[in-house]
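Reading the structure
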Amino acid sequence: MNDVLTLISFGPEGWGDEIVQGVLITVSLALATLPFGLVLGFLIALAKKSDEPSLRNAANIYTTIFRGLPELLTLFLVYYGVQIGIQEGLKLVGVEAYIEVNSFAAGMVALALVFSSYASEAFLSAFRGIPQGQYEGGYALGLSHRKTMGLVILPQLVRLSLPALGNLWLILLKETSLVSVVGLSDLVRQSGIAARVTKEPFLFFGVACLIYLVLAMISSAGLSRVEAWSKRGEVRR
Amino acid sequence: MIAANPATGRAAPPPPARKWTNTRILGHVLMTLWIVAGAYLLFYLVSNIQSPFVLKYWTKYAEGLVVTVEIVGLSLLIGVILSVPIAFARSSKLKVIAAPAYAYVYFFRGTPLLAQTFLIYYGAGSFRPFFEDIGLWWFFRDAFNCVVFAFALNTAAYQAEILRGAVQNIARGQWEGAAALGLPKPVTFFKVILPQALMVALRPYGNEIILMIKGSAIASIVTIYDVMGETRRAYSRSYDFQAYIWAAVLYLMIVETLRRIWDKLEARLTRHLKR
């Protein structure tokens with residue numbers, strides 16, 4: 001037992017500080033992806049509910065692709081695709097170079113693509129939950145289309161889409177683990193290194209799993225507070 | 001279409017031409033981009049169909065596909081069997097039974113599949129003497145077994161939640177009605193509740209199958225040569241990016257076909273609910 005405590009302790013003997021660094025990278029990757037995913041997802045949801053069929057089709061093709069591809073494959077497509085794309089581009093200019101793409105950035109792009117296509121569905125079903133009368137009410141008060149969106153629809157949209165978005169956030173947090181495969185020193189990779197060096201794989205991957213659980217618990221607690229905040233206008237039943 | 005006006009005999013006026021609004025322009029631009037990209041992809045694939053890469057590796061991809069189907073099929077099958085007792089335990093009134101089932105489901109839904117796979121595949125080595133003693137080491141020594149084991153445990157947790165949600169969704173009156181008819185509980189469950197629950201659960205089950213197909217790509221990281229594994233091997237040997245393009249096309253076709261089949265199936269099974 002003492003062994004175990006030394007192994008996961010901080011300092012030169014233990015692997016605690018390395019693992020904490022991994023946790024920080026995992027969390028920052030998820031947090032950095034979130035705003036891009038949300039904005040992109042919202043725009044795609046707008047396109048999907050538009051009256052213009054060509055715009056709807058374009059948005060549907062996007063979601064079909066990124067919901068159909070395995071996340072790991074999307075990551076590889078982005079990671080190697082961008083690398084090869086830049087190298088070929090440089091070749092055209094006459095520069096021969098080996099480019100290595102930053103795995104954090106590649107992970108962010110890939111995860112944002114996947115997140116946005118799922119988030120667009122969440123936003124779309126939330127849009128469907130807002131009755132037409134809300135728009136008409138806004139216009140009747142003389143609000144412009146933009147103001148109706150910002151002041152009337154968006155606040156309700158946040159409330160309606162929060163449960164689904166919360167789930168997507170938890171999924172995103174778990175999917176960051178995939179980026180360890182292209183070399184990002186996140187939680188899984190750091191515990192993998194610790195496992196290999198100390199020959200205690202069960203301990204370190206177990207610790208990694210528990211840390212993911214704790215992150216999920218913290219997120220759920222935070223999300224339920226945000227949900228309570230978003231429902232502050234509702235009558236208490 | 002409105003026919004000619006009977007009073008005047010004149011044809012109805014044509015519908016007003018749709019204006020070129022900004023959204024319409026944007027939609028057409030984006031669609032054009034997709035069409036160009038799709039056409040280029042098609043051209044790329046067709047022009048590469050006789051390339052040395054395809055000739056060399058297409059059998060590998062086929063073998064990988066078989067492995068993927070095996071992993072997904074086995075895991076889902078074991079998951080279905082495991083999920084029933086877990087779902088029952090989870091909705092049990094006894095805390096002693098419900099709490100472990102809740103912990104199981106929470107653990108497998110709250111941690112990444114990748115970490116679970118590593119935990120089982122590499123972690124089994126920590127208990128090698130123990131497994132050798134009880135004669136199970138041959139099982140955990142093989143990466144394929146470990147992956148199926150991990151995936152089955154994972155999908156069992158998700159499927160248990162689907163099943164539980166669907167059964168709980170059935171109104172109490174159904175249980176009470178069956179009880180009033182004198183049906184015993186097991187008969188009520190299998191003949192009255194389950195058929196209705198499966199209808200509700202059909203869509204989430206379909207999503208779970210698709211998630212499992214996509215998740216099975218993770219197996220490639222622990223030395224399994226499924227579609228993804230063969231893709232990575234082909235890429236590391238040839239440095240030809242079409243390895244990933246073919247894999248993407250293959251996965252998209254599988255998932256899209258399955259999704260369409262599932263839509264048809266759902267429409268068929270719920271046809272008595274349509275008016």
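Just above sits the structure.
Residues numbered from 1 in each chain as written. Chains lettered and ligands numbered in written order. Predicted model: local features only at pLDDT ≥ 70, side-chain atom pairs only at ≥ 80, totals over all residues. Heavy atoms only, no water.

A few points about the overall build of chain B
So the rule is basically this: Strands here are runs of E lasting at least two residues and helices are runs of H or I lasting at least four, both read from the DSSP assignment and numbered beginning at the N terminus. Only C-alpha atoms enter the radius of gyration; for comparison, a globular chain is expected to reach 2.2 Å times N to the power 0.38, where N is the number of residues. Buried residues are those whose accessible area, probed at 1.4 Å on protein chains only, stays under 20% of the maximum for their type, while exposed residues exceed 50% and partly exposed ones sit between those limits. It only takes one pair of heavy atoms within 4.5 Å for two residues to be counted as in contact. In this description, accessible areas are obtained by the Shrake-Rupley approach with a 1.4 Å probe, and a residue is regarded as covered only by the protein chains that are shown. His residues and chain termini do not enter the charge count, which takes Lys and Arg as positive and Asp and Glu as negative. One atom stands in for each charge, and that atom is NZ of Lys, CZ of Arg, CG of Asp or CD of Glu.
Looking only at helices and strands, one finds 11 helices and 0 strands in chain B. Its helices and strands in sequence order give chain B the pattern α-α-α-α-α-α-α-α-α-α-α, from N to C terminus. Against the globule reference of 19 Å for 275 residues, chain B gives a C-alpha radius of gyration of 26 Å, more extended than a compact globule. Projected onto its principal axes, the C-alpha positions of chain B cover 95 × 70 × 30 Å. Each of the 275 residues in chain B was classed as buried or not, and the buried ones make up 41%. Partitioning the contacts of chain B with sequence separation of at least 6, the portion at a separation of at least 24 is 72%. Total accessible area computed for chain B in this model is approximately 16300 Å², and 69% of it derives from carbon and sulfur atoms. Between the mean site of the 28 positive side-chain charges and the mean site of the 14 negative ones, chain B shows a separation of 14 Å.

Regarding the interface of chain A and chain B
Which entries qualify depends on this criterion: A quick way to say it: buried area is the sum, across both parts, of accessible area lost when two parts are put together, with a 1.4 Å probe. Each salt bridge in this description consists of a side-chain nitrogen of Lys or Arg and a carboxyl oxygen of Asp or Glu lying within 4 Å of one another. Contacts described as polar in this section are N or O atom pairs within 3.5 Å, which, within protein, must combine one atom able to donate a hydrogen with one able to accept it, while residues neighboring in sequence count only if both atoms come from side chains. Residue polarity is assigned by list, with Asp, Glu, Lys and Arg as charged and Ala, Val, Leu, Ile, Met, Phe, Trp, Tyr, Cys and Pro as nonpolar; anything else, Gly included, falls into the polar class.
Between chain A and chain B, the contact holds 40 residues from the first and 42 residues from the second. In this assembly, chain A packs against chain B so that about 3700 Å² is buried in total across both faces, 79% of it on carbon and sulfur atoms. Counting the surface chain A buries against chain B, the share from its top three residues, Lys174(A), Phe202(A) and Cys209(A), is 15%. The tally of links between chain A and chain B comes to 1 salt bridge. In this structure, Glu71(A) engages Lys214(B) in a salt bridge whose closest nitrogen and oxygen atoms are separated by 3.5 Å. Where chain A touches chain B, the interface holds 7 residue pairs in polar contact (both at pLDDT 80 or more). Of all the secondary structure elements, the ones that give two or more residues to the side of chain A that touches chain B are helix H3 (53–68), helix H4 (71–93) and helix H9 (201–230) of chain A. A per-class count over the side of chain A that touches chain B returns 26 nonpolar, 9 polar and 5 charged.

Looking at the pattern of salt bridges
Residue and element names in this part refer to chain B. Tallying each qualifying case throughout the model produces 12 salt bridges over all chains. In this structure, Glu161 and Arg164 form a salt bridge, with 3.4 Å as the shortest nitrogen-oxygen distance. Residue Glu161 and its partner Arg164 are located together in helix H7 (residues 143–169), separated by 3 residues, close to a single helical turn. On the basis of relative accessible area, Arg164 is assigned to the buried category, the value being 17%. The network of salt bridges with common partners includes Arg90, Glu161 and Arg164.

Here we look at a nonpolar patch on the surface
So the rule is basically this: Put simply, a patch holds well-exposed residues, over 30% relative accessible area, that have no salt bridge, with like charges counted together within 9 Å and Val, Leu, Ile, Met, Phe, Trp or Tyr side chains within 5 Å.
A contiguous nonpolar patch, built from Phe202(A), Phe127(B), Phe130(B), Ile134(B), Leu136(B) and Trp138(B) and spanning about 590 Å² of accessible area, is present on the exposed surface. Looking at the element boundaries, Phe127(B) is found in the loop between helix H4 (113–121) and helix H5 (128–133). For Phe127(B), a relative accessible area of 35% gives the class partly exposed.

What to know about the environment of Asp142(B)
Its place among the elements puts Asp142(B) in the loop between helix H6 (137–141) and H7. Between the alpha carbons of Asp142(B) and Ile224(B) there is a distance of 9.8 Å; along the sequence they are 82 residues apart.

Quick word on the environment of Ser224(A)
Residues and elements named next belong to chain A. Position of Ser224 among the secondary structure elements: in helix H9. Assessed through its relative accessible area of 43%, Ser224 is described here as partly exposed. Spatially, the C-alpha atom of Ser224 lies 8.9 Å from that of Pro163, the residues being 61 residues apart in sequence.

Details of the packing of aromatic side chains
Note the following rule: Pairing of aromatic rings covers Phe, Tyr and Trp, the last counted by its six-membered ring, and requires centre-to-centre distances within 6.5 Å; plane angles under 30 degrees mean stacked, over 60 mean edge-to-face, and any other angle means tilted.
The full count for this structure, using the stated rule, is 31 aromatic pairs over all chains. Ring centres 5.9 Å apart and planes at 25° place the aromatic pair Phe205(A) and Tyr122(B) in the stacked group. Note that Phe205(A) is positioned in helix H9 and Tyr122(B) in the loop between H4 and H5, a pairing that runs across two chains. Its relative accessible area of 4% is what places Phe205(A) among the buried residues. Owing to a relative accessible area of 36%, Tyr122(B) belongs among the partly exposed residues under this scheme. Consider the rings of Phe139(B) and Phe149(B), whose centres lie 6.0 Å apart with planes at 85°: the pair is edge-to-face. A residue pair is termed long-range when its members are at least 10 positions apart, and Phe139(B) in helix H6 and Phe149(B) in helix H7 qualify at 10 residues. Owing to a relative accessible area of 24%, Phe139(B) belongs among the partly exposed residues under this scheme. Among the aromatic residues, those joined into a cluster by ring pairs are Phe76(A), Tyr79(A), Tyr80(A), Tyr235(B), Tyr239(B), Phe241(B) and Tyr244(B).

Regarding the packing of helix H7 (residues 145–175) of chain A against H9(A)
Residues and elements named next belong to chain A. Rules: To define axes, lines are fitted to C-alpha atoms, for helices over the stretch in contact only, and angles between the resulting N-to-C directions are given on a 0 to 180 degree scale. Small angles under 35 degrees read as roughly parallel and large ones over 145 as roughly antiparallel, with 65 to 115 read as roughly perpendicular and the rest as oblique. Helix crossings fall into two classes, left-handed where the near helix is turned counterclockwise from the far one by less than a right angle and right-handed where it is turned clockwise.
Two numbers describe how H7 lies on H9: the axes approach to 10 Å, and their chain directions differ by 165°. It follows from the interaxial angle that H7 and H9 lie roughly antiparallel. Seen from above, H7 lies across H9 with right-handed handedness. Here Arg159, Leu162, Pro163, Gly166, Trp169, Leu170 and Leu173 of H7 come into contact with H9, specifically with Tyr212, Leu215, Ala216, Ser219, Ser220, Leu223, Val226, Glu227 and Ser230.

Re the nonpolar core
Which entries qualify depends on this criterion: To define a nonpolar core, start from buried Ala, Val, Leu, Ile, Met, Phe, Trp, Tyr and Cys residues and group those joined through side-chain atoms within 4.5 Å.
Grouped together as the largest cluster of nonpolar side chains are 135 residues, with contacts concentrated most on Leu73(A), Phe151(B), Ile224(B) and Tyr244(B). In terms of residue count, H7(B) provides more of this core than any other element does, 15 residues in total. If near-sequence neighbours (up to four positions away) are discounted, Leu73(A) is found in contact with Met228(B), Tyr244(B), Ala247(B), Ala248(B) and Tyr251(B).

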